[in-house]
Amino acid sequence: MGKPRVALFITCLVDQFLPHVGECVVRILRRLDVEVSFNPAQTCCGQPAFNTGYRDEARSVAARVLDLFDDADYIVAPSGSCTSMVRVFYPELFADDPARLRKCTQLRERFFEFSEFLVNVLKVEDLGASFAHRVTYHDSCHLLRELGVEEAPRKLLRKVRGINLVEMQDYQLCCGFGGTFSVKFPEVSVPMGEDKVQAASETGAEYLVAADGGCLMHLAGLIHRQGLPLKTLHLAEVLAQQEKH
Amino acid sequence: MDDTGIHSNEIHVGASRTLGNARLLEAYRASTLRLYTHRLQAISEVPGFERLCDRAREVKREVIEHLDSYLAQFADNVERHGGKVHWASTAEEVCRIVVDIAHHSGAREVVKAKSMLGEEVEVNHALAAAGIRAMETDLGEFIIQLAGERPAHIVAPAIHKTREDVSELFVTHIQAERTVVPEQLTAIARRALREMFQKAGMGMSGANFAVAETGTVVLVENEGNIRMCTTVPRVHVALVGIEKLIPRLADLGVFLRLLGRSSTGQKLTTYTSFLTGPRRPGEDGPEEMHVIMVDNGRTAALADPKMREMLYCIRCGACLNTCPVYRKIGGHAYGWVYSGPIGALVTPELVGIGQARELPFASSLCGACREVCPVRINIPDLLLHLRSQAQEHAPKRQESLLPERLMFRLWAWGMRHPLLYALGTRLARWGQVLLARRGWIRKIPLFPASQWTKGRDFPALAPKAFRDRWKQLRGE
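Residues numbered from 1 in each chain as written. Chains lettered and ligands numbered in written order. Predicted model: local features only at pLDDT ≥ 70, side-chain atom pairs only at ≥ 80, totals over all residues. Heavy atoms only, no water.

1. Concerning the overall build of chain A
The secondary structure content of chain A amounts to 13 helices and 8 strands. Compactness check: chain A gives a C-alpha radius of gyration of 18 Å against a globular reference of 18 Å for 245 residues, within 12% of the reference. In terms of overall dimensions, chain A has a C-alpha envelope of 50 × 50 × 25 Å along the principal axes. Across the 245 residues that make up chain A, the buried fraction comes to 63%. Look at the contacts in chain A between residues 6 or more apart in sequence, and 79% of them connect residues 24 or more apart. Only carbon and sulfur atoms are counted for the fraction: they give 48% of the accessible area of chain A, which is about 8,700 Å². (Helix = DSSP H or I, 4+ residues; strand = E, 2+ residues; numbered from the N terminus. Rg over C-alpha atoms; globule rule 2.2 N^0.38 Å. Buried < 20%, exposed > 50% of the residue type's maximum accessible area, 1.4 Å probe, protein only. Contact = heavy atoms within 4.5 Å. Areas by Shrake-Rupley, 256 points an atom, 1.4 Å probe, with all protein chains shown as cover.)

2. Observations concerning the overall build of chain B
Counting its secondary structure elements, chain B contains 22 helices and 13 strands. Summarising its shape, the C-alpha atoms of chain B cover approximately 90 × 55 × 45 Å along the three principal directions. The long-range share in chain B, meaning contacts at least 24 apart out of those at least 6 apart in sequence, stands at 74%. Surface exposure of chain B reaches about 20,300 Å², of which carbon and sulfur atoms provide 55%. Each charge class in chain B can be summarised by its mean position, and for the 62 positive and 52 negative side chains these summaries are 9 Å apart. (Lys, Arg positive; Asp, Glu negative; His and termini not counted. Charge placed at Lys NZ, Arg CZ, Asp CG, Glu CD.)

3. Some remarks on the pattern of salt bridges
Inspection of the entire model under this criterion finds 51 salt bridges over all chains. Glu57(A) is paired through a salt bridge with Arg405(B); the nearest N and O atoms lie 3.4 Å apart. Remark: Arg405(B) occurs in helix 19 (residues 404–416) and Glu57(A) occurs in helix 4 (residues 55–65); the pair is interchain, linking two chains. Measuring nitrogen to oxygen at the nearest pair gives 2.4 Å for the salt bridge that ties Asp165(B) to Arg23(B). (Salt bridge = Lys/Arg side-chain N within 4 Å of Asp/Glu carboxyl O.)

4. What about the sheet that holds strand 2 (residues 109–112) of chain B?
Residues and elements named next belong to chain B. Spatially, 1-10-7-4-2-3 is the arrangement adopted by the 6 strands of the open sheet, whose pairing is parallel. Looking at strand neighbours, the two that pair on one side only are strand 1 (84–88) and strand 3 (133–136), the edges of this open sheet. Between one strand and the next, the sheet's axes are offset by a mean angle of 20°, whatever the strand orientation. Relative to strand 10 (residues 288–294), strand 1 runs parallel, the two sharing 5 bridges. Looking across to strand 10, one finds that Lys84 is bridged to His290. In this fold helix 5 (residues 91–105) packs onto strand 1, strand 4 (202–205), strand 7 (235–241) and strand 10, with an angle of close to 145° to the strand it touches most, strand 1. (Pairing = 2+ DSSP bridges. Axes fitted to C-alpha atoms, helices over the stretch in contact; angles between N-to-C directions.)

5. Some points on the interface of chain A and chain B
Each partner contributes residues to the interface: chain A has 66 residues there, and chain B has 64 residues. Each partner contributes to the roughly 5,900 Å² buried at the junction of chain A and chain B, and carbon and sulfur atoms together form 60% of this total. The three residues of chain A that bury the most area against chain B are Gln16(A), Tyr54(A) and Arg225(A), which together make up 13% of that side's buried surface. Put simply, chain A and chain B have 11 salt bridges between them. The partner of Lys184(A) in a salt bridge is Glu404(B), and the shortest N-O contact between them spans 2.7 Å. The interface formed by chain A and chain B contains 39 residue pairs in polar contact (both at pLDDT 80 or more). (Buried area = accessible area lost by both parts, 1.4 Å probe. Polar contact = N/O pair within 3.5 Å; in protein donor to acceptor, adjacent residues only side chain to side chain.)

6. Notes on the domain arrangement of chain A
Residue and element names in this part refer to chain A. In terms of domain boundaries, chain A breaks down into domain 1 (5–121) and domain 2 (134–239). Inter-centroid distance (C-alpha atoms) of domain 1 to domain 2 is 22 Å. When the two sides are added together, the surface that domain 1 and domain 2 hide from each other amounts to roughly 2,000 Å², 70% of it contributed by carbon and sulfur. Applying the counting rule to domain 1 against domain 2 returns 8 residue pairs in polar contact (both at pLDDT 80 or more). At the level of elements, helix 2 (19–31), helix 3 (47–51), helix 5 (80–93) and helix 7 (114–121) are the ones that each hand at least two residues to the side of domain 1 that touches domain 2. Looking at the side of domain 1 that touches domain 2 element by element, the count peaks at 7 residues for helix 5. Partitioned by chemical class, the residues of the side of domain 1 that touches domain 2 number 14 nonpolar, 10 polar and 4 charged. (Domains from an automatic or database assignment. Nonpolar A, V, L, I, M, F, W, Y, C, P; charged D, E, K, R; others polar.)

Below is the structure:
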């Protein structure tokens, strides 16, 4: 049997704002003997338009994604949100288009969020990572409630050497990002984020870790604005940390 | 001044009012947290709670899919037991029927049990206009009636009032002695209400469930006021939304177990009343029982195969208590009588999306509401559906130079063409040199990014995108 071939759906946020997360994903997958590819024809999954009610615009962007990954065994995205867009909302978007709906079904069976891919598909939890810090994990809503992934990220984090993983108060409460909600209702989005940052800070954690670029940009932006000592990291960035010799 | 009309498109104004008031925020936080915690505790004690939810959903689906026949069956059974059934398709019709019944029975005073439908059709205003005094007898409703406000929560209408607020209202409006002791405040209300129960010629209620098989109106409560409203006055009028039906008495077991636990964390409310027709010889109760079956926009929701699901709602309020947005902006911000996630569905459906187009957007789509819904309404999915409907109606506010749809068309065009995407992001990298300091941007003068930087810094685009790093990464 050959190596599993994984095509990255890197997501527009990681591509443009958090490319280091993408590099970490690539390194981790390669260490697990996976053949990683990246198709530069990819852009965005279409969620911003879908989330804002512009379904035609979303469909036109999503339709491209259906054709990008035909020869991959798996497609992996470092985002619960983009993964739910493909797995949960694409079928709704293409409900009236039988040909695309079929394509959609084929795609969603192979499409995984990064942490669930590691734990549920590759069946690995210990990545040999080492990160001697106090860390708290924020469940992003789409990953948790659309995909039902709650344990996978925690299993991976618990196996990291030296890590002190602590749960914060109301760890399943939304951080207030919500896609375009963050700019349509900044007056609500910001205080929701403040609650989250406070809950994380109260654990004494140095790092607030999440598996979604959207939540991280929102929370990091808040933390930076307020000059707080808390730092944010994507799950993949923690898992890519190796023991220094 | 009494709050009337629909202000749902002014949600930003209402939201800021709550967010700017620390005392109000704390009242919402503490009360929703209490209800939320009680619910969690209560459902943990029920083995197979999830199966109960499945069953409830199945029953509601069955009713809503065959509403016409269940309505006919219910109406027949009400009349068979001596009740009178009225059909009202609009709020105005409901009010006209109620006023007619009051006039006919000679009632000058009406006591009211808590009814969200009564709030919806603004029946108190119609009665007042006809010279009839309507008095709310649910403690929470009594408080907000004195304050001239609408319910801030579908189960706990005065959730936003502190005991100090209540004391102030009682002193001002019913010349009560000043106290902040809850028991004393309740005693004051009780005194005022007793007097009305004795005087009132007519009592009004809503309905939690309407049993088709028996023609029974089922009401749940904790204060005993509903039992008083529906049995003491000579005439009882029940307002029943057409979605309140359940097929059989046997189905009630499922719903009663869900409703109390989901709304207040109670196993069962203190009182559960089963009202089947007016009194029979030798019994207590009203001489006349009128049941007004109300549409007021519900059949429009029924006609939409997607939105139909919202009619499953049993108004437990669990989605409000768990909603991080409701907790921050409060009930009044939703601009009508229904609030929270379910309000963001019900209001646009009942009053028309044009009058409430902002509501579906007032959600981070986190899905916490769906998780607690006892009939598993897929609220985020329906909100997304309403968002697409809302985009057919031009927004009132236009903050950007380009209309939003045009912005998204341009965005979609760029996203369909990787070269344009690469070019656009490269241009943005040059442009951000003027704004970014050490990887962060403090202020972006361009809408909608300007909205982001109101309270957060915006991360600068990484010097090199992943796609550009890939060229090197591929060879490693």
